[in-house]
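Results of the structural survey
Read off the chains here:
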Amino acid sequence: MIQRVKDPVCGMGISEHTKFHTEYAGETYYFCSILCQEKFEKHPGEYMHEEGTQESCNSCRPSESTIPTHDQQTETDPDTIYTCPMHPEVRQNGPGNCPVCGMALEPVVAQVNEENEELLDMTRRFKISTVLALPVFLLAMTADLVPALLPSWLSLSMVQWIEFALATPVVLWGGWPFFVRGVNSVKTWNLNMFTL
């Protein structure tokens, strides 16, 4: 039978085998999440009271005061805490990339209609790269399938140089964020999906 204990922050009943626990005043305290553990470690004296056990944690959910109003929905607060979806122990003020896996950090508390700068940047890169890649595709297919349609002065060598000139910005500029994350993964020796 699993021994259940109470999270002192939110009052939720949890298993004592949880990975979230800390020592304080010679006693071990258990928590339902890293959020509750961090709250306790910052101000342990505030949570030394007895209350009934709850079924779910209200401490980890956004409160009404943290849900952005209509005026706040499109603005990003510079003090917003961001975390990695794959590594929740990574936390920082403001957006950025996870130092472990390279993924974009997300706000701990989701905000409605928040503009995603990374998505906007990658969408722009995708659209411009598509415009540059389309002539490469058409030229390559024409040269391979129906070379008679090419002008007589356009040699195979010239076709390859034109393809190279059009494809280089697609690869280098369009894929630049992936190259940066791949290099960072090798520098920090946190090999991840961007390393390959």
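Criteria and cut-off values
Counting restarts for each chain, with residues numbered from 1 along the sequence as it is written. Since the coordinates come from a predicted model, pLDDT governs what is reported: local features require at least 70, and pairs of side-chain atoms require 80 or more to be given and counted, while whole-chain, interface and lining totals use all residues. Side-chain figures throughout are based on the complete set of non-hydrogen atoms in the structure, without hydrogens or water. Helix numbers and strand numbers start at the N terminus; a helix is a DSSP run of H or I with at least 4 residues, a strand a run of E with at least 2. Here the term buried applies to any residue with accessible area under 20% of the maximum for its type, exposed to any over 50%, and partly exposed to those in between, with areas from a 1.4 Å probe on protein chains only. Here the accessible surface of atoms and residues is derived via Shrake-Rupley with a 1.4 Å probe, and residues count as covered only by protein chains that are part of the display. Patch membership needs two things, relative accessible area over 30% and no salt bridge, and members are linked within 9 Å if like-charged or within 5 Å if nonpolar (Val, Leu, Ile, Met, Phe, Trp, Tyr). Every case where a carboxyl oxygen of Asp or Glu lies within 4 Å of a side-chain nitrogen of Lys or Arg is listed as a salt bridge. How far a helix is expected to stretch is found by multiplying one less than its residue total by 1.5 Å. What the arc measures is the spread of directions leading from the helix axis to the C-beta atoms. Pairs of residues are marked as contacts when any of their non-hydrogen atoms sit within 4.5 Å. Identification of polar contacts relies on pairs of N or O atoms within 3.5 Å, with a donor-acceptor requirement for protein atoms, meaning one able to donate a hydrogen and the other able to accept it, and with residues adjacent in sequence counted only if both atoms are side-chain atoms. Helix axes use the C-alpha atoms of the stretch in contact, all axes being lines fitted to C-alpha atoms, and the angles between their N-to-C directions lie in the range 0 to 180 degrees. Orientation categories follow fixed angle ranges, with anything under 35 degrees roughly parallel, anything over 145 roughly antiparallel, 65 to 115 roughly perpendicular, and all other angles oblique. Each crossing gets its handedness from the near helix: less than a right angle anticlockwise from the far helix is left-handed, clockwise is right-handed. Classes in brief: Ala, Val, Leu, Ile, Met, Phe, Trp, Tyr, Cys and Pro nonpolar; Asp, Glu, Lys and Arg charged; the others, Gly included, polar.

Check the secondary structure of the protein and you find 4 helices and 7 strands. The N-to-C order of helical and strand elements in the protein reads β-β-β-β-α-β-β-β-α-α-α. Expressed as a percentage of the 196 residues in the protein, the buried residues total 29%. About 13700 Å² of surface is accessible on the protein, with carbon and sulfur atoms providing 62% of the total.

Our focus in this paragraph is a nonpolar patch on the surface. Side chains of L134, F137, L138, M141, L145, V146 and L149 sit close together on the surface and give an oily, nonpolar patch of about 720 Å² of accessible area. Among the structural elements, L134 can be located in helix α2 (residues 117–145).

Between its first and last C-alpha, helix α4 (residues 176–187) extends 17 Å over 12 residues, near the 16 Å set by a 1.5 Å rise per residue. Of the positions making up α4, those classed as buried are P177, R181, G182 and S185. Projected down its long axis, α4 shows its buried positions confined to an angular sector of 135 degrees, all on one face. Looking at the buried residues of α4, the elements they touch are α2.

Under the definition given, this model contains 4 salt bridges. We note a salt bridge from R91 to E38, for which the minimum N-O separation is 3.7 Å. Here R91, found in strand β6 (residues 91–93), pairs with E38, found in helix α1 (residues 34–42); they are 53 residues apart in sequence, far enough to count as distant. Residue R91 is classed as partly exposed on the basis of its relative accessible area of 27%. The shortest N-O distance in the salt bridge between D121 and R124 comes to 2.7 Å. You can see D121 and its partner R124 sitting in helix α2, 3 residues apart, about one turn around the helix.

On to the environment of T142. Within the secondary structure layout, T142 lies in helix α2. With a relative accessible area of 23%, T142 lands in the partly exposed category. T142 has contacts with P147, L149 and L150, leaving out every residue within four places of it along the chain. One polar contact links the side chain of T142 to the main-chain carbonyl oxygen of L138, over a distance of 2.7 Å.

Take the packing of α2 against helix α3 (residues 156–172) next. As a packed pair, α2 and α3 sit with axes 9 Å apart at the nearest point and diverge in direction by 155 degrees. Between α2 and α3, the angle is such that the two are roughly antiparallel. Both α2 and α3 take part in a crossing whose hand is left-handed. Mapping the contact onto sequence places S129, L132, A133, P135, V136, L139, A140 and A143 in α2 and V159, I162, E163, L166, A167, P169 and V170 in α3.

Once that is clear, we can look at the packing of α2 against α4. Look at α2 against α4: their axes get within 10 Å of each other, and the N-to-C directions meet at 125 degrees. The angle between α2 and α4 places the two elements in the oblique class. Together, E118, D121, M122 and R125 of α2 and W176, P177, F178 and R181 of α4 make up the contact between the two elements. For the contact of α2 with α4, a count of residues per class yields 4 nonpolar, no polar and 4 charged.

This paragraph deals with the environment of E23. Summarising the element assignment, E23 is placed in strand β3 (residues 21–24). With 18 residues separating them in the primary sequence, E23 and E41 have C-alpha atoms 9.3 Å apart. A distance of 2.4 Å separates a polar atom in the side chain of E23 from a polar atom in the side chain of T28.

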